[in-house]
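Summary of the model geometry
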Amino acid sequence: MFIQIIAVGKLKEKYLVAGIAEYVKRMTPYAKLQIVEVAEEKAPERLSAAEEAQVKQREGERILAAIKSDDTHVIALAIEGETWSSEELARHVELLGTYGRSQLAFIIGGSLGLDDAVLRRAASKLSFGRITLPHQLMRLVLVEQVYRAYRIMRGEPYHK
């Protein structure tokens, strides 16, 4: 399976870069994992609703352009999405592979969230709970959970 994580913004924090690199390396026996960073729209601290929508639209256009193909199964990370346990995530990924969906993209928006066009393109919306996490930290959490999903699918220990 080919998995993309498409995320808004460039990751700068060394501890996050190192953690993500570790899980990408661990994923090697299971699936090909690619992280695609799209440019974050520059915006002032305070925005009107129209300006926020414009920022999300521009970032959304970049996200949609980064999706590998029309056959890609897209899962958008969104606070209003469904919450899945690690086992449920593993089951979803396994079912996609079983039914011939060999390309999967997880989408992480910027600090303002995702544009409606991206949410409409997504087959599912996944939430990691109602707490707010920085989108940079969310990358590390997501990569770890994808790795954990593959360990679960293979019946390997995953709780360490």
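Here the residue numbering is sequential within each chain, running from 1 through the sequence in written order. Thresholds applied to this predicted model are a pLDDT of at least 70 for local features of residues and 80 or more for the giving and counting of side-chain atom pairs; totals over whole chains, interfaces and linings are not thresholded and use all residues. For side-chain calculations, the full set of non-hydrogen atoms in the structure is used, while hydrogens and water are omitted.

1. Observations concerning the packing of helix H1 (residues 14–27) against helix H5 (residues 135–153)
To be explicit about the condition: Only the stretch in contact is used when fitting a helix axis, every axis being a line fitted to C-alpha atoms; angles between N-to-C directions are given from 0 to 180 degrees. Each helix is a run of H or I in the DSSP string that is no shorter than four residues. Each strand is a run of E no shorter than two, and both are numbered from the N terminus. Comment on the angle field: the value is read as roughly parallel under 35 degrees, roughly antiparallel over 145, roughly perpendicular from 65 to 115, and oblique elsewhere. It is the rotation of the near helix from the far one that decides the hand of a crossing: anticlockwise by less than a right angle makes it left-handed, clockwise makes it right-handed. Whether two residues are in contact is decided by their heavy atoms, any of which lying within 4.5 Å being enough. Residue polarity follows a fixed list, in which Ala, Val, Leu, Ile, Met, Phe, Trp, Tyr, Cys and Pro are nonpolar, Asp, Glu, Lys and Arg are charged, and the others, Gly among them, are polar.
With their axes 9 Å apart at the nearest point, H1 and H5 run at an angle of 20° to one another. As far as their axial angle goes, H5 and H1 are roughly parallel. Here H1 and H5 pass one another in a crossing that is left-handed. On the side of H1, the interface is formed by Leu16, Gly19, Ile20, Tyr23, Val24, Arg26 and Met27, while H5 contributes Gln136, Leu137, Arg139, Leu140, Val143, Glu144, Val146, Tyr147 and Tyr150. Of the residues in the contact of H1 with H5, the class split is eleven nonpolar, two polar and three charged.

2. Concerning the environment of valine 55
Within the secondary structure, valine 55 sits in helix H2 (residues 49–66). Along the chain, valine 55 and arginine 139 lie 84 residues apart, while their C-alpha atoms are 21 Å from each other. When residues no more than four places from it in sequence are discounted, the contact partners of valine 55 are Glu41, Ala43, Leu47 and Leu112.

3. Focus on the packing of helix H3 (residues 86–98) against H5
Relative orientation and spacing of two packed helices are given, respectively, by the angle between their axes and the distance between those axes. It is the contact of H3 with H5, at a shortest axis distance of 8 Å, that shows an interaxial angle of 75°. Taken together, the axes of H3 and H5 are roughly perpendicular relative to one another. In this structure, H3 uses Ser86, Glu87, Leu89, Ala90, Val93 and Glu94 to contact H5, whose residues at the interface are Gln145, Val146, Arg148, Ala149, Tyr150, Ile152 and Met153. Tallied by class, the residues present in the contact of H3 with H5 amount to eight nonpolar, two polar and three charged.

4. Let's talk about the sheet that holds strand S5 (residues 124–127)
Note the following rule: Any two strands with at least two DSSP-identified bridges between them are counted as paired.
Overall, parallel pairing links the five strands, which are arranged S2-S1-S4-S3-S5 in an open sheet. For this open sheet the edge positions go to strand S2 (32–38) and S5, each flanked by a neighbour on one side alone. Recorded for the sheet is a direction-independent mean angle of 30° between the axes of neighbouring strands. Sheet topology places strand S3 (residues 73–83) next to strand S4 (residues 103–108); four bridges connect them, and they run parallel. For alanine 76, the partnering residue across the bridge sits in S4 and is isoleucine 107.

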